[in-house]
Amino acid sequence: MAGKGGDVDIFQLLEEASEKKTEREQLLQSLDVKEFFEEGSIKIDTGICDGVECRLCIQVCPTNALYWGDGKVNVVEELCVFCTACVLSCIVDDCIRVRRKRPNGGIEAFSTPQQASNLLRKTNCLKRFEMVRRRLPTAEAYLERYSDSR
Ligand code: SF4
Ligand code: SF4
């Protein structure tokens, strides 16, 4: 199919996109990354980055999506799982900006370690709450469990 901008074969593009997705899933599996976000974006402001001295983000990235080249931090977007580990470690506020979409459609955006750690805390609290709720579904069961252990 030809598009306005030239010879664009949409079927070819879709096929390439699905190949990339499978490639990405295989790569992530081999790295043992289980929890990741499918949709998101990452931007690095190389103008304020202090990478010559720092490069912490490259060290902490679990998928090797970041690398040093041409005198700056670069990102391989296909490998980024929007985990925010790089934002948490960055020494310059607003240098790395990560936006991601949760499966329920919620959008989250981070550009400072404080924002990323607040969200991690909130996520962990919700996970703990859910775990307790599964094991002790009623207030009575909760009180019985914890009054017994004292
Ligand atoms: S952690 Fe931040 S300041 Fe350090 S290299 Fe990465 S982007 Fe640059
Ligand atoms: S958000 Fe940062 S640390 Fe996480 S995968 Fe992407 S580049 Fe790596």
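Shown above is the structure to which this text applies.
Residues numbered from 1 in each chain as written. Chains lettered and ligands numbered in written order. Predicted model: local features only at pLDDT ≥ 70, side-chain atom pairs only at ≥ 80, totals over all residues. Heavy atoms only, no water.

Q: Would you mind going over unusual backbone geometry with me for this structure?
A: Most peptide bonds are trans, and most residues other than glycine sit at a negative phi. With phi around 60°, R55 is a residue other than glycine that occupies positive phi space. Its location among the elements puts R55 in the loop between β1 (39-44) and α2 (56-60). For T84, which is not glycine, the phi dihedral falls at a positive 75°. T84 gets classed as buried once you look at its relative accessible area, which sits at 2%. (Helix = DSSP H or I, 4+ residues; strand = E, 2+ residues; numbered from the N terminus. Buried < 20%, exposed > 50% of the residue type's maximum accessible area, 1.4 Å probe, protein only.)

Q: Looking at this model, I keep getting lost on the site of ligand 2. Mind explaining?
A: Every residue near ligand 2 is listed here: I42, C61, P62, T63, L66, C80, V81, F82, C83, T84, A85 and C86. Here the residues of the shell around ligand 2 are counted per class, giving 10 nonpolar, 2 polar and no charged. (Near = heavy atom within 4 Å. Nonpolar A, V, L, I, M, F, W, Y, C, P; charged D, E, K, R; others polar.)

Q: Help me understand the nonpolar core, please; the structure alone is not making it clear to me.
A: As a rule of thumb, nonpolar side chains are buried together in soluble globular proteins. Of all hydrophobic cores here, the largest spans 20 residues; its most connected members are I42, L66, C86, V87, I96 and V98. Looking at this core, the elements that each hand over two or more residues are β1, α3 (85-89), β4 (96-101) and α4 (113-135). What V98 contacts, discounting residues up to four positions off in sequence, is S41, I42, F82, T84, C86, V87, E108, A109 and F110. (Core = buried A, V, L, I, M, F, W, Y, C linked by side-chain atoms within 4.5 Å. Contact = heavy atoms within 4.5 Å.)

Q: Looking at this structure, I do not really get the side chain of T63. What am I missing?
A: Mapped onto the elements, T63 comes out in the loop between α2 and β2 (66-69). T63 sits in the buried class, given a relative accessible area of 3%. From its side chain, T63 meets the backbone oxygen of L79 in a polar contact 2.9 Å long. (Polar contact = N/O pair within 3.5 Å; in protein donor to acceptor, adjacent residues only side chain to side chain.)

Q: Please clarify how a nonpolar patch on the surface should be interpreted in this entry.
A: There is a patch of nonpolar side chains on the surface, built from V132, Y142, L143 and Y146 and spanning about 360 Å² of accessible area. Ranked by residue count, the leading element in the nonpolar patch is helix α5 (residues 139-148), at 3 residues. As for its position among the elements, Y146 is in helix α5. The class of Y146 is partly exposed, set by a relative accessible area of 36%. (Patch = residues over 30% accessible without salt bridge, like charges linked within 9 Å, V, L, I, M, F, W, Y side chains within 5 Å. Areas by Shrake-Rupley, 256 points an atom, 1.4 Å probe, with all protein chains shown as cover. Salt bridge = Lys/Arg side-chain N within 4 Å of Asp/Glu carboxyl O.)

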